[in-house]
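# Geometric and topological summary
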Amino acid sequence: MTEILLSATVTSVVTGGMGTGYYSYGDESYIPAMSLEYYYHVNKIIGLGGYLAFNGMDRDMYAEWQNNVTGKKSKEKTGSAKRRNFSIMPTAKFDWLRMKYFGLYSKAGVGLSIMYESQKDETVKDGTDFSDTKLIPNIHATLLGAEFGVPTIRGFLELGMGEQGILLAGLKYKF
């Protein structure tokens, strides 16, 4: 929001108040969170380990202009913006119920994400060309997880919040 207000103010000043412009975004596509986990059970209840995760998003950039004299508005696709996240999350897993073909558990983790962002305006010679990489803290908590199947290969469903999302499903293999 700050960037939109700043760009609208700058373009208004540069055009002498005759026009206002700013970038907006749309047409988003997502790369869902994918993760690889490993846990070592120190006893029947507690497993220590963690996971590596990756996700991302692509979206189109638009330049929006308003002619302040005529009131005419225009919107034009000018480029694309991308975001990629790679996370390393040490995690503890707590087994509440462990049976031969079914189990219930919770897990919690605190780690770091490397976030890469880029934007490129492809229509203007000296348009926006931005990239940045940040290291940010991240969390995940699974409130309730359920696994089912044979002892070595199981499916799982998790309800939680954080890096892996709200709802997570997958397969696991026990070594």
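Residues numbered from 1 in each chain as written. Predicted model: local features only at pLDDT ≥ 70, side-chain atom pairs only at ≥ 80, totals over all residues. Heavy atoms only, no water.

### So, the overall build of the chain
Let me state the cut-off plainly: Counting from the N terminus, the helices are the DSSP runs of H or I reaching at least four residues and the strands are the DSSP runs of E reaching at least two. Type-normalised accessible area, obtained with a 1.4 Å probe on protein chains alone, sets the label of each residue: buried when under 20%, exposed when over 50%, and partly exposed for intermediate values. Here, residues are in contact when the closest pair of their heavy atoms is within 4.5 Å. Calculation of accessible area relied on Shrake-Rupley with a 1.4 Å probe; when residues are assessed, cover is drawn exclusively from the protein chains displayed.
Helix and strand counts for the chain stand at one helix and seven strands. In the chain, the order of α-helices and β-strands from amino to carboxyl end is α-β-β-β-β-β-β-β. Burial status across the chain gives 32% buried among its 175 residues. Look at the contacts in the chain between residues 6 or more apart in sequence, and 55% of them connect residues 24 or more apart. Carbon and sulfur atoms form 66% of the exposed surface of the chain, whose accessible area is close to 11,300 Å².

### With respect to the pattern of salt bridges
As a reminder, the rule being used: The salt bridge criterion pairs a side-chain nitrogen of Lys or Arg with a carboxyl oxygen of Asp or Glu, the two atoms within 4 Å.
Within the structure shown, the criterion is met by nine salt bridges. Here Asp95 ties to Arg98 by a salt bridge, and the two come within 2.8 Å at their closest N and O atoms. For Arg98, a relative accessible area of 39% gives the class partly exposed. Notably, a salt bridge pairs Glu147 with Lys172, separated by 3.1 Å at the nearest N-O pair. A residue pair is termed long-range when its members are at least 10 positions apart, and Glu147 in strand 5 (residues 129–149) and Lys172 in strand 7 (residues 167–173) qualify at 25 residues. Among the charged side chains, a salt-bridge network with shared partners connects Lys93, Asp95, Arg98, Glu147, Arg154 and Lys172.

### Some points on the packing of aromatic side chains
Quick note on the threshold: Any pair of Phe, Tyr and Trp rings, taking the six-membered ring for Trp, is counted once the centres come within 6.5 Å. Such a pair is stacked with planes under 30 degrees apart, edge-to-face with planes over 60 apart, and tilted for the rest.
The full count for this structure, using the stated rule, is two aromatic pairs. Here the aromatic rings of Phe94 and Trp96 are separated by 6.3 Å at their centres, their planes lie at 20°, and the arrangement is stacked. An angle of 85° between the planes, with centres 5.4 Å apart, marks the rings of Tyr173 and Phe175 as edge-to-face. Under the relative-accessibility criterion, Phe175 is labelled exposed at 80%.

### Points about the side chain of Thr78
Mapping Thr78 onto the fold places it in strand 3 (residues 73–98). In this structure Thr78 comes out as buried when scored by relative accessible area, which is 4%. Filtering out sequence-adjacent residues up to four positions away, Thr78 remains in contact with Tyr23, Met61, Tyr62, Ala63, Lys120, Asp121, Glu122 and Thr123.

### What to know about the environment of Ser106
Applied cut-off: By the criterion applied in these results, polar contacts are pairs of N or O atoms within 3.5 Å in which, for protein atoms, one can donate a hydrogen and the other can accept it, and in which residues neighboring in sequence qualify only through two side-chain atoms.
When you line up the elements, Ser106 lands in strand 4 (residues 102–121). Spatially, the C-alpha atom of Ser106 lies 5.9 Å from that of Lys93, the residues being 13 residues apart in sequence. Every residue in contact with Ser106, bar those within four places of it in the chain, is listed here: Ala92, Lys93, Phe94, Trp96, Thr142 and Leu143. A distance of 2.8 Å separates polar atoms of two side chains, one belonging to Ser106 and the other to Trp96.

### Side note on the pairing of strand 5
Strand residues, when the strand is regular, have side chains that alternate between the two faces of the sheet. Heads up, the rule is: Two strands make a pair as long as DSSP finds a minimum of two bridges between them.
Bridging between strand 4 and strand 5 involves 18 bridges; their strand directions are antiparallel. If you follow Met115 over to strand 5, its bridge partner there is Lys134. Examined bridge by bridge, strand 5 and strand 6 (residues 153–162) share nine bridges and lie antiparallel to one another. In the sheet register, Phe148 faces strand 6, and the bridge partner there is Gly155.

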